[in-house]
Amino acid sequence: MTRDVRVGRVTRHAVAGIGLGACVVLAIGVVLGGWALLANRPPDARAWFAVTAAVAVVVPFARPKVERVAERMAFGADGDPHAVLSRFIDDVSGAIALDDVLPQLARAAAAATHSPTGQATLRLADGAAFRRTWPPDASGVPDQVTVALEHGGRPVGELGVQAADARAADGDRSLLRQLSGPAGLALANVGLTYDLRRQLAQEKVLVTELEASRHRLLAAASEQRTRFAADVARTVDPRLAEASAALRVLMDGDTDALHTAKRAAQDALDALRALAAGVFPIVLAERGLVAALDQYLQGRDHLRWRHQPPVLPRLRREVEAAAYSAVVSLFEDKSGPAGSAGWVDLLIPAGGPLRVEVGRASPPTNASVQLVRDRVEAVEGRVETQATSVVLVLPADTGQHADLAVGR
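This structure is a prediction, so every number in the text was calculated from the model and none was measured. (Residues numbered from 1 in each chain as written. Predicted model: local features only at pLDDT ≥ 70, side-chain atom pairs only at ≥ 80, totals over all residues. Heavy atoms only, no water.)

Draft legend 1. Molecular detail of the overall build of the protein chain. Regarding its fold elements, the protein chain presents 10 helices and 11 strands. Across the 408 residues in the protein chain, those meeting the buried criterion constitute 38%. Here the analysis covers contacts within the protein chain between residues at least 6 apart in sequence; of these, 65% occur between residues at least 24 apart. When the accessible area of the protein chain is evaluated, it comes to approximately 22,900 Å², of which 58% is carbon and sulfur surface. (Helix = DSSP H or I, 4+ residues; strand = E, 2+ residues; numbered from the N terminus. Buried < 20%, exposed > 50% of the residue type's maximum accessible area, 1.4 Å probe, protein only. Contact = heavy atoms within 4.5 Å. Areas by Shrake-Rupley, 256 points an atom, 1.4 Å probe, with all protein chains shown as cover.)

The following block contains the structure:
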């Protein structure tokens, strides 16, 4: 406690005592003077009874006013705690910025109790706490007198000040309780605002992530179209050109060219089917995920099932498509040497989500994992990366295919 505060408290008590004494003397003088004037005789027992009654009425009536005057004389215009509380309520209901409520509340508590330091604490529903002290550079509040702040029966924080001594603590606590009502309302509003700000920040992050995911998916789709067109030009177009040339020879009368045209057309069809198997094979729509992955693994001796795949119920089309494209993307990632060994495993526990685990000899690139994550999260799934594998966790609701089940 600073010397100025101690002097102020002594001055306040002295002025209050003198003021109350003056009120008592004035009450006695008025009663006795009126008795002498009206009765024209010395005061008797009835006069002193009237004096006692007058003092009993005047002291309780005059004491609050005398104490306010003493507060102002001892501490200045801001010395009246009731004025401090009233001004704080006006400020809270007026134009105080929400970020200023905590320090202003700490300041009001310190001013109302004439304490050198005050502290206001806001507690949010998730357990987070924000504290502000007055003065702002105070490191803490020693010998703290604290009251809990509530709003609607829910705790919202605490209000504390530094007590001068044990005797002053009860008075400080009483003043803080007077402040607790408007302070609780103010902190409840601040808490709601902080929660809204946090939710807004989370929503902004989510929107940013969704926008980035959308751009990645669009870029991947464009790259896939470009790569598919290049693969068609490399593997299908030459065979179609060979078939066209054989047909022209056939039209000139060379019947031996018919076999050549049929073989070239069949090779072109097989090449096109092989390319389609890496994008969205017809078997995926007709027979489901296990059959589609079976078809993809055929002819790729370096890729295999780790365990016999289970008989799966048909899942939602978008879930099957996401799982299939994610597995193919991970297998076709170019991070390792061409033809690196890999495996895939399926597991669908009773009542649980579908788990698709893809193992590789070398870990896939971050770009491939991010693209897989975008596709899986788009159907409300998630991706777990492990040391040598990537696990896709997908919802196992059956959707449009509840009556179908397909194994190998």
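Draft legend 2. Region of the structure containing the pattern of salt bridges. For the structure on display, the rule yields 10 salt bridges. Of the charged contacts, one joins Arg123 and Glu158 as a salt bridge, the two residues approaching to 2.9 Å between their closest N and O atoms. Of this pair, Arg123 sits in strand S1 (residues 118-123) while Glu158 sits in strand S4 (residues 154-162), and the two are 35 residues apart along the sequence. By relative accessible area, Arg123 is classed as partly exposed at 33%. For Glu158, a relative accessible area of 22% gives the class partly exposed. Glu318 serves as the salt-bridge partner of Arg316, at 2.7 Å between the closest nitrogen and oxygen. What makes Arg316 buried here is its relative accessible area of 18%. A relative accessible area of 39% places Glu318 in the partly exposed class. Several salt bridges converge on common partners, so that one network encompasses Glu242, Arg263 and Asp267. (Salt bridge = Lys/Arg side-chain N within 4 Å of Asp/Glu carboxyl O.)

Draft legend 3. Seen up close, the nonpolar core. Counting residues in each nonpolar core, the largest one holds 34 residues, and the members touching the most others are Tyr324, Val327, Phe331, Val344, Val356, Leu392 and Leu394. Sorting the residues of this core by element identifies helix H7 (282-287), helix H8 (289-297), strand S5 (303-305), helix H9 (317-331), strand S7 (342-347), strand S8 (354-360), helix H10 (366-377) and strand S10 (389-394) as the ones contributing at least two each. A per-element tally of this core places H9 first, with 9 residues. Residues contacting Phe331, with those up to four places away along its chain left out, are Tyr296, Leu297, Leu303, Gly342, Trp343, Val344, Val358, Gly359 and Arg360. By size, the runner-up hydrophobic cluster in this structure holds 24 residues, among which are Leu102, Ala109, Val161 and Tyr194. (Core = buried A, V, L, I, M, F, W, Y, C linked by side-chain atoms within 4.5 Å.)

Draft legend 4. Summary view of the environment of Ser335. Mapped onto the fold, Ser335 is located in the loop between H9 and S7. Considered as a pair, Ser335 and Pro363 are 28 residues apart in the sequence and their alpha carbons are 7.3 Å apart. Among residues more than four places away in sequence, those in contact with Ser335 are Arg360, Ser362, Pro363, Pro364 and Thr365.

Draft legend 5. Highlighting the sheet that holds strand S2 (residues 129-134). Taking strand neighbours across the sheet as the criterion, the 4 strands line up as S2-S1-S4-S3 in an open arrangement whose pairing is antiparallel. Because the sheet does not close on itself, it has two edges, and the strands there are S2 and strand S3 (144-151). When strand polarity is set aside, the average angle formed by the axes of neighbouring strands in this sheet is 15°. Looking at chain direction, S1 and S2 are connected through 6 bridges and run antiparallel. Among the inter-strand pairings, Gly118 is bridged to a residue of S2, identified as Trp134. (Pairing = 2+ DSSP bridges. Axes fitted to C-alpha atoms, helices over the stretch in contact; angles between N-to-C directions.)

Draft legend 6. Representation of the packing of aromatic side chains. For the coordinates displayed, the defined rule picks out 2 aromatic pairs. With a centroid separation of 6.4 Å and an interplanar angle of 80°, the aromatic rings of Tyr296 and Tyr324 are classed as edge-to-face. Separated by 28 residues along the polypeptide, Tyr296 in helix H8 and Tyr324 in helix H9 bring together distant segments of the chain. Assigned by exposure class, Tyr296 and Tyr324 land together as buried. Here Tyr296 and Phe331 contribute two aromatic rings whose centre-to-centre distance is 6.4 Å and whose plane-to-plane angle is 10°, an arrangement assigned as stacked. In this pair, Tyr296 sits in helix H8 while Phe331 sits in helix H9, placing the two residues 35 residues apart along the sequence. In this structure Tyr296 comes out as buried when scored by relative accessible area, which is 2%. Over the face of the ring belonging to Tyr296 we find Arg300, whose NZ or CZ atom lies 4.0 Å from the ring centre. (Phe/Tyr/Trp six-rings, centres within 6.5 Å; stacked < 30°, edge-to-face > 60°. Lys NZ or Arg CZ within 6 Å of the ring centre and 35° of its normal.)

Draft legend 7. Quick peek at H9. Across its 15 residues, H9 extends 21 Å between first and last C-alpha, which sits within 8% of the 21 Å expected from 1.5 Å per residue. In terms of burial, H9 is a largely internal element, 11 of the 15 residues being buried. Regarding H9, the residues found buried are Val319, Glu320, Ala322, Ala323, Tyr324, Ser325, Ala326, Val327, Val328, Leu330 and Phe331. (Expected span 1.5 Å × (residues − 1).)

Geometric descriptors of this kind do not, in isolation, establish any biological role.
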